[in-house]
Amino acid sequence: MDKLVAKRYTGGLGKTAHQGTVHPVSKKDIEEIIDVDEKAFGARRERLLRLRIEQASIGAVLRNRAGRAAGFALGVPGPERMVIGPVVAPDEEAAALLIDRIAGWAPGPVRIDIPSQHRRLADFLTRRGFETVRHPPVMMRNGNALPPGGHLFAVASQAFG
C-alpha cells in the first residue's frame, strides 16, 4: 500500500479519451455504488459504504455510455486532510479521472491510500502534487491479499480496506 499526500493538488488531467462521464454522487446512486463496489471488492460492504457516503463531503460517480455506474470515489474529511477513498473504477484512466475530480473539488490537503500494484496511477498523482509519505500495511480479515481484478484503486482507509 502506498500512502500519498498532497498539500496542494495541481490537477489538470486535461482532455481524456475515457468514454465515461463523472457526476457528483446523489442519493439515487447509492445502490449502484454498492453493487459496483461488491464486484470490485469481492464482498458486499453495504453498511460501510452507506456510512462512508454519509460521511463524505465530496463524491463522484463514473457513468458509462449506457448511463450505468461503472466506478466511484469518495472524499471524507479527516482531522488534517480529506481522505480520498474508496476509489473503484474499470481501469487506471477512469480511476485517475475520478481522483482528479475529488482532489480538484477538495478545499485543502488530501490523502489517498492506493494498492502498490497501481504504479502508473501513483506516478500520475506524483506529477500532480502528491508525495508518497509511507508504505503502510493494510488490515485484512480472513485474507492476505487485496481482491483480484485490480478495480480497487484506493481503499476507504487502511483499517476499512
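Higher on the page you've got the structure.
Rules of the game
- Residues numbered from 1 in each chain as written.
- Predicted model: local features only at pLDDT ≥ 70, side-chain atom pairs only at ≥ 80, totals over all residues.
- Heavy atoms only, no water.
- Axes fitted to C-alpha atoms, helices over the stretch in contact; angles between N-to-C directions.
- Helix = DSSP H or I, 4+ residues; strand = E, 2+ residues; numbered from the N terminus.
- Parallel < 35°, antiparallel > 145°, perpendicular 65-115°, else oblique.
- Left-handed = near helix turned anticlockwise from the far one by under 90°.
- Contact = heavy atoms within 4.5 Å.
- Nonpolar A, V, L, I, M, F, W, Y, C, P; charged D, E, K, R; others polar.
- Buried < 20%, exposed > 50% of the residue type's maximum accessible area, 1.4 Å probe, protein only.
- Arc of directions from axis to C-beta.
- Core = buried A, V, L, I, M, F, W, Y, C linked by side-chain atoms within 4.5 Å.
- Pairing = 2+ DSSP bridges.

(A) Representation of the packing of helix H1 (residues 30-41) against helix H2 (residues 46-55) within the structure. With their axes 10 Å apart at the nearest point, H1 and H2 run at an angle of 130 degrees to one another. Considering the angle they form, H1 stands oblique to H2. Crossing of H1 against H2: the hand is right-handed. Every residue of H2 that contacts H1 at Ile-30, Glu-31, Ile-33, Ile-34 and Asp-37 is listed here: Glu-46, Leu-49, Arg-50 and Ile-53. Broken down by class, the residue content of the contact of H1 with H2 amounts to 5 nonpolar, no polar and 4 charged.

(B) Spatial organisation of H2. Looking at H2, one finds that the buried residues are Leu-48, Leu-49, Arg-52 and Ile-53. Taken down its axis, H2 places every buried residue within 130 degrees of arc, on the same side. Residues of H2 that are exposed and angled more than 90 degrees away from the buried face: Arg-47 and Glu-54.

(C) How the structure looks around the packing of helix H3 (residues 92-105) against helix H4 (residues 119-126). Axis separation between H3 and H4 bottoms out at 10 Å; the angle between their running directions is 30 degrees. Regarding H3 and H4, the two cross each other, and that crossing is right-handed. In contact with Glu-92, Ala-95, Ala-96 and Ile-99 of H3, H4 contributes Arg-119, Arg-120, Leu-121, Phe-124 and Leu-125. When grouped by side-chain class, the residues that make up the contact of H3 with H4 number 6 nonpolar, no polar and 3 charged.

(D) Representation of the environment of Asp-2 within the structure. Relative to the helices and strands, Asp-2 resides in strand E1 (residues 2-6). When the C-alpha positions of Asp-2 and Gln-117 are compared, they lie 9.3 Å apart, and in sequence the two are 115 residues distant.

(E) Geometry of the nonpolar core. Among the nonpolar cores identified, the biggest contains 31 residues, and Ile-84, Val-87, Val-110, Ile-112, Leu-121, Leu-125 and Phe-130 are the most heavily contacted of them. Elements with a contribution of two residues or more to this core: E1, strand E3 (58-63), strand E5 (82-88), H3, strand E6 (110-114), H4 and strand E8 (152-154). No other element matches H3, which puts 8 residues into this core. Among all residues touching Val-110, those that are not within four sequence positions of it are Leu-4, Val-5, Ala-6, Arg-81, Met-82, Ile-84, Ala-103 and Phe-130.

(F) Broad picture of the pairing of E6. Taking burial as the measure, the 5 residues of E6 include 5 buried ones, the bulk of the element. Neither face of E6 is open: one carries Val-110, Ile-112 and Ile-114, the other Arg-111 and Asp-113, and all of them are buried. Alignment of E1 against E6, held across 5 bridges, turns out to be antiparallel. When the sheet's bridge partners are listed, Lys-3 is paired in E6 with Asp-113.

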